[in-house]
Each structure stands twice: as C-alpha cells, then as structure tokens.
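Architecture at a glance
Given next are the chains, with one letter for each unit.
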Amino acid sequence: MTPAKLAEAVLAAARALFSERGLDPAALPASTTVERPRNPEHGDYASTIALQLAKKVRAQPRDLAAGIADHLGRTPGVKSVEIAGPGFLNIRLDTASAGQLARVVVQTGREYGHSDRLAGQRINLEFVSANPTGPVHIGGARWAALGDALARLLRASGADVGTEYYVNDAGAQIDRFARSLEAAAGGRPVPEDGYAGEYIKQIADAIKKDHPDAGEATFRDEGVARMLREIRTSLADFGVPFDLFFRESDLHSRGELETALARLREQGHVYDAAGAIWLRTTDFGDDKDRVLRKSDGEWTYFAADCAYYLDKRERGFERLMMLLGADHHGYIGRMRAMAACFGDQPERTLEILIGQLVNLVKDGEPLRMSKRAGTVVTIEDLVESIGVDAARYALARFSSDSPIDIDVDLWTRSTRDNPVYYVQYVAARTASVSRNAAEVGLTRGEADDFRPELLGHEKEQDLLKALGDYPAIVAAAAELREPHRVARYLEELAGSYHRFYDNCRILPVGDEPIGDLHRARLWLNDATRTVIANGLDLLGVSAPERM
RNA sequence: GCGCUCGUAGCUCAGCGGAUAGAGCAGCUGCCUUCUAAGCAGUUGGUCGCAGGUUCGAAUCCUGCCGAGCGCGCCA
C-alpha cells in the first residue's frame, strides 16, 4: 500500500464515521495526507485528521480518533491503528502490504513520482536571461540549475511548461558592447564604460577576420550573435536547453512596445509628464510611477518588460514565472503593478522567485579564475572545476533563499561528505547488484511470484517507506518551487539503501540456492534504482551505472 | 528611512502548525577471505537571535526589537 492509498483509506474511514454519527460531511477535507513519524514507536504512518476535524464539528479529538480507528483498522493491509496523545492515529501496515510498494515502483518505472495535479496549466518559466555581452557567470549557473530542475518538476506534475531566456540585445549596454568590440579590433583601449576581458578581444578579432570593414553595426550584430551562440552552448553543455531564446530586439522591430503602450493607455494607467510617458504603477502598490518613454523619445527597459509580459500572455501562458537574483528584487513591485495595469491579477499570472547569490570558493577564499572575463567566474569555470553533475547538484541542493559558497575541494572529493557522490553511489551500487544478479541467474521473476511479506527486516521496511515518500516529495517540491527538497530526499533515500545493503544480503552466497527472499530483495534493489534515477533526473544529474 | 531575504549543534545546512528539533562535516571508537569501504555502526554536541501574541499544539503563523546580506535611477 502506498502512502497516498493509505491517506485515502483514512479519509474513507472518517467519511464512514461521519455518516454513522450523522455529522456534517462538508467538514471533511477533499483530501488528506499521512505523515511519517520520526519516532518508530508511533507506527509506520500517522494521521492528524481527528485533530483537524475535532474543532470543525465540535467533538472530542480522541473520541473522533477512536471512531476513525475503528473503521480504518478493518482496511485490508492495515495491521493496527492506535490512538495517541491528543488524538493522533498511529498506523501500522502489514509487512506484505508495505512490501508491495517495491512492485508498484518497479512497474511504474520512470513515471513513478509523476502526478497530474498541475495538468492543464500553461506555465512560462524565464530564467538566466543574462545579457549577451559576456559569458554566463556563476550566478547565472545557479538559475540555470534551479530553473531547469523546476521546469522538470513542474512537468512531472503535469504542467505544460515553456522555458525561456530573454536576450537583452537592444539598448545602451549593447551599444557599449559594440563599441568595445570595435575598439578592441582596432587595437585601441576599450571605452571607459565598456566591457573588458580577453573574450572581447577574441570576438573582436574573429569578427574582423570575417568582416574586414566592419563598422559599429556589424560589431553589434555579429558580437551579439557570437556571444549568444556561446551562451547557448555553455547552457546546453550544462544540460539546460531552453525552449526559446527570446530577443528584445524582436519586440522593437515588431512594434510590440507601441502595442503594449496602447493597451496600457486603454486601461487608463498611462499619463504624460515632463515630456515623458509614464505608467501609473502606484495605482497598484508600486512605490513610484515608472517611465515608459523618456523625454528624449527613447523607450525604457521597463517598456520592453511590459511588451514582453504582454507577448508571453498572448502566446497563451496563464502563469509567468521568473527567477531573479536577490539584487533584482526591487523589480517585484513594478512588475506586479504592471501586470495589474494590463488588467491581470498578478497573484495569478505572475510569480517572481528571488534567489540569493553564489560564490565559488577554494581554501576559504572566493575564486576569481576566469581567463576570459578577467574578474568573474563563468559557468565554464565552474564545470571545469567540479564537473557538471557536482555543479548541478551543488546549486540545486540548497534553498534558493540561502546564499551559497561552493567549495571546490568538497565537491570534487570522493567521500561521504560530498553529497552528489553519496547519492550517485547508490545508482552505481544498485546497477552493480543487478549485473551480478543476472550473472548468477537471479532475476525478479514474474510479478505474481513476488513475495512482499518476506521483506520484514527493519532496514527493508525503512527503505520501503523512503521509497513511498517520493511522490509526495516531488509534489511538494513542485508546489513550493523548491527543487532542493528532491536533493535532500535523495540523500535520505541513499542512506536507507546503504543501510539495507549493509544488513541484507541480496545475492546468494557461494552455492546457496536462489530463493524467494533473494528475488524479493532484488525487487527492492531495482525499485531503489528507479527512484534514485528518477530523482537525479529531476535535478539534471546523471545516475551512473558504474563508479 | 522604506522594502525583500536570512538568523537552528563548533562549521555547512534540512525541517510547507504536530509527538523526544535532524543530517553531513569536524572530534573520538569500531567494521572489508561474501553483492562497489565513494559504504556501515557507535559516541560527543541545542536558551531554534530576543520579547510578546494566535493555537489543543509554534523552529514553523502574526507583531515589535536586535544582528547580517541585498535593493530602492527618465541605468541596463
């Protein structure tokens, strides 16, 4: 029995009690969950449903609990139900019922952990969006790892997700980039407000080689094109493909800023003052109004943001998510107000996720190692230092609210304190067990011959429970937009497997004949392999067959 | 000044209102003639920043204070 099925049984028991006692069924929740008590004396699973219902129907929680326990105790697969404390239900499952989970997991395979709770939702997820004036730095790498994991999580929950990278290829910073390239190509020092770094020289030389009489316009177009190609490649090498690289210049060339302005004007939130055109974002809680078109006739960056917002919405996305660094949190107010100015409800259509910054550290000192950019650490530097798997895992394992230092030595170590290896080692071990089993002629056999009641060892039961937790973890991680929950879970699951492996011999020893217990444990081994692989996949980390 | 985030073991961090707050590291001690020791077992370590409030129940929610980081342009 899975925890989800057990939770349904708990609810069914409550429903039965309500009907028996003539209580109002409207007080019952649409769904409920069971939790895993930390203390094993409190059973395999616990429900707090009696505590929650008691105040709604003005009953004694322990009395309600007793009634629910009565019905629940008759559910097949449930071994016992006890009432504890103020009204907890402490539930134990039959060994066989718990063991069946291994079969469910193996048979569900790659789909295990997926759900349809976000089915039908069209979500646009924008992240990284670093300017195409230089390589993606380590901060961008964090959003790449997090955003990609989030996209996978949302898709695993059934959502229709489009990932997007906004390319700021218009405006003053691109002019500076173009002038820097032109200067570098001519052997002159880059302008005061320009871009430095060896990569500028390299790109400039390459452009000059292909276009000997290149002017600023060519340096601009070619420079952006080449830089963007590099960015796309770095991200692809990092395992982060975007569905769309959206260019700001397209908004301009298609007249979408004018369209957006007209739309905002229709909604009555635009006014002219001091020669500029303003959006009255203070109508919706922003701390000041924002300029759309400057008095010199130029559009502001914010005007392009408005057009981009409208473009996404008109492409059919009902929810726009954006990952931004903490240094951009000041955007939230104006973005939400802007959405409201379009007539949307920002709390429904816009979701801005803010993440803290990240450093690469060696020997306790922040690293500045880029040969190319001079001062910043690029995504390539990160991959070169610790590899893609360690990098993706390191960036995804912490809450995005927490600033992180990635210690090069830790993340390249092959020991217990390097979490990525600890987890990947389970993938390798389970795969190794599978190979060795095949060699001695041990297979899982037919599903009907699986004997789940043999998995009664404490470590087997612990592992089964950990495997059962996975779908709820994925659902919570998706709902809370917190991929790190998956990583933390995998570390716990890895611990459960290692302890199982250490205590429960899977393969026959010597010339011992193959028996049902060997086969049952192989089911458990393979179920673990499935969940580890599924979980690592959500994080974009490989599940190696050998290490 | 205003806003956002954070404050949990010596260190790095988990903990979407539930029972005795967890993990790894660091420290100390054990386990490889059997499936990968990149592993396992044991042991030490806490006023959950402070003070109130809500609740049957608060590390978790609310308010205030203290401390740290970041942000508050007709910049991009």
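Criteria and cut-off values
Residues numbered from 1 in each chain as written. Chains lettered and ligands numbered in written order. Predicted model: local features only at pLDDT ≥ 70, side-chain atom pairs only at ≥ 80, totals over all residues. Heavy atoms only, no water. UniProt positions renumbered as here; feature names shortened; annotations may be inferred. Helix = DSSP H or I, 4+ residues; strand = E, 2+ residues; numbered from the N terminus. Buried < 20%, exposed > 50% of the residue type's maximum accessible area, 1.4 Å probe, protein only. Polar contact = N/O pair within 3.5 Å; in protein donor to acceptor, adjacent residues only side chain to side chain. Contact = heavy atoms within 4.5 Å. Pairing = 2+ DSSP bridges. Domains from an automatic or database assignment. Salt bridge = Lys/Arg side-chain N within 4 Å of Asp/Glu carboxyl O. Nonpolar A, V, L, I, M, F, W, Y, C, P; charged D, E, K, R; others polar. Expected span 1.5 Å × (residues − 1). Bend = angle between axes of the 7 residues up to and from the residue. Axes fitted to C-alpha atoms, helices over the stretch in contact; angles between N-to-C directions. Phe/Tyr/Trp six-rings, centres within 6.5 Å; stacked < 30°, edge-to-face > 60°. Lys NZ or Arg CZ within 6 Å of the ring centre and 35° of its normal. Near = heavy atom within 4 Å. Parallel < 35°, antiparallel > 145°, perpendicular 65-115°, else oblique. Left-handed = near helix turned anticlockwise from the far one by under 90°.

For chain A, an unreviewed UniProt entry supplies the name Arginine--tRNA ligase and the organism Phytohabitans suffuscus. Recorded in UniProt under Subcellular location (unreviewed entry), the annotation for chain A is "Cytoplasm". Under Sequence similarities (unreviewed entry), UniProt gives the following word-for-word description of chain A: "Belongs to the class-I aminoacyl-tRNA synthetase family."

Moving on, we come to the side chain of Asp286. With respect to the helices, strands and loops of the structure, Asp286 is situated in the loop between β8 (276-279) and β9 (290-293). Exposure remark for Asp286: the relative accessible area of 8% places this residue in the buried category. Reaching out from Asp286, the side chain makes a polar contact with the side chain of Arg290 at a distance of 2.8 Å. In this structure Asp286 touches Thr281, Gly333, Arg334 and Ala337, once residues within four positions along its chain are discounted.

Within the open sheet, the three strands sit side by side as β13-β12-β14. Their pairing is mixed. On the outer flanks of this sheet lie β13 (365-366) and β14 (404-407), each paired with one strand and no other. In terms of strand pairing, strand β12 (residues 358-362) meets β14 through four bridges, oriented parallel. Looking at β14, one finds that Leu360 is bridged to Ile406.

Before going further, it helps to examine the domain arrangement of chain A. Taken domain by domain, chain A holds domain 1 (3-93), domain 2 (122-355) and domain 3 (415-539). Every contact between the two is made by four residues of domain 1 and, on the other side, four residues of domain 3. With a closest N to O distance of 2.5 Å, Asp469 and Arg36 form a salt bridge. The interface formed by domain 1 and domain 3 holds three residue pairs in polar contact (both at pLDDT 80 or more) in total. Partitioning the side of domain 1 that touches domain 3 into residue classes produces two nonpolar, no polar and two charged.

What follows covers the pairing of strand β3 (residues 88-93). As paired strands, strand β1 (residues 45-47) and β3 are joined by three bridges and run antiparallel to one another. Bridging across to β3, Tyr45 finds its partner in Ile91. Pairing of strand β2 (residues 78-84) with β3 involves six bridges; the strand directions are antiparallel. Note that in β3 the partner of Glu82 across the bridge is Asn90. From the end of β2 to the start of β3, which pair antiparallel, there are three residues, and Gly85 there has a positive phi angle of about 55 degrees.

Here the UniProt-annotated "short sequence motif: 'HIGH' region" (unreviewed entry) positions come out as residues 130-140. Here residues 130-140 runs as 27% helix and 0% strand, with 7 Å between its end C-alpha atoms.

In this model, helix α18 (residues 458-480) (23 residues) spans 32 Å end to end at C-alpha, consistent with the 33 Å of a helix rising 1.5 Å per residue. Taking the largest bend as the criterion, α18 deviates by roughly 35 degrees, centred on Tyr470, and proline Pro471 comes between one and four positions later. Backbone geometry just after α18 places Arg481 at a positive phi near 55 degrees.

In spatial order, the strands read β7-β8-β9; together these three strands make up an open sheet with antiparallel pairing. At either end of the open sheet lies a strand with only one pairing partner, and these are β7 (270-273) and β9. Geometrically, the sheet is characterised by an average inter-axis angle of 40 degrees between neighbouring strands, direction not taken into account. The pairing of β8 with β9 spans three bridges and is antiparallel. If you follow Trp278 over to β9, its bridge partner there is Val291.

Turning to the packing of aromatic side chains, a few remarks are in order. Under the definition given, this model contains 16 aromatic pairs. With a centroid separation of 4.2 Å and 15 degrees between ring planes, the pair formed by Tyr166 and Tyr308 is classed as stacked. A residue pair is termed long-range when its members are at least 10 positions apart, and Tyr166 in strand β5 (residues 160-167) and Tyr308 in helix α11 (residues 301-314) qualify at 142 residues. Relative to Trp278, the ring of Tyr271 has its centre 6.1 Å away and its plane inclined at 10 degrees; by these criteria the two rings are stacked. Over the ring of Phe238 we find Arg392, and its NZ or CZ is 5.6 Å from the ring centre. Taking the ring centre of Tyr501 as reference, the NZ or CZ of Arg429 above it sits at 3.8 Å.

Residues in contact with RNA strand B amount to 64 residues; listed here are only the nearest, Gln173, His329, Tyr331, Tyr425 and Arg429. Restricting attention to atoms of RNA strand B within 4 Å of the protein, one finds that 60% of them are sugar or phosphate atoms. Broken down by secondary-structure element, the contributors of at least two residues to the surface near RNA strand B are α2 (49-57), β3, α6 (172-185), β8, α17 (419-439), α18 and α19 (484-503). A per-element tally of the surface near RNA strand B places α17 first, with eight residues. Its residues placed into classes, the surface near RNA strand B shows 28 nonpolar, 18 polar and 18 charged.

Turning next to the packing of helix α4 (residues 95-108) against helix α20 (residues 516-539). At a closest axis distance of 8 Å, the pairing of α4 and α20 adopts a crossing angle of 50 degrees. As judged from the angle between their axes, α4 and α20 are oblique. Judged by the sense of rotation from one axis to the other, the crossing of α4 with α20 is left-handed. Where α4 abuts α20, its residues Ala102, Arg103, Val105 and Val106 lie against Trp523, Leu524, Asp526, Ala527, Thr530 and Val531. Along the lines of polarity and charge, the residues of the contact of α4 with α20 split into seven nonpolar, one polar and two charged.

On to unusual backbone geometry. Of note in this structure, Arg58 is not a glycine but carries a positive phi near 50 degrees. Residue position: Arg58 is located in the loop between α2 and α3 (61-72). At Ser129, a position not held by glycine, the phi torsion is positive, near 45 degrees.

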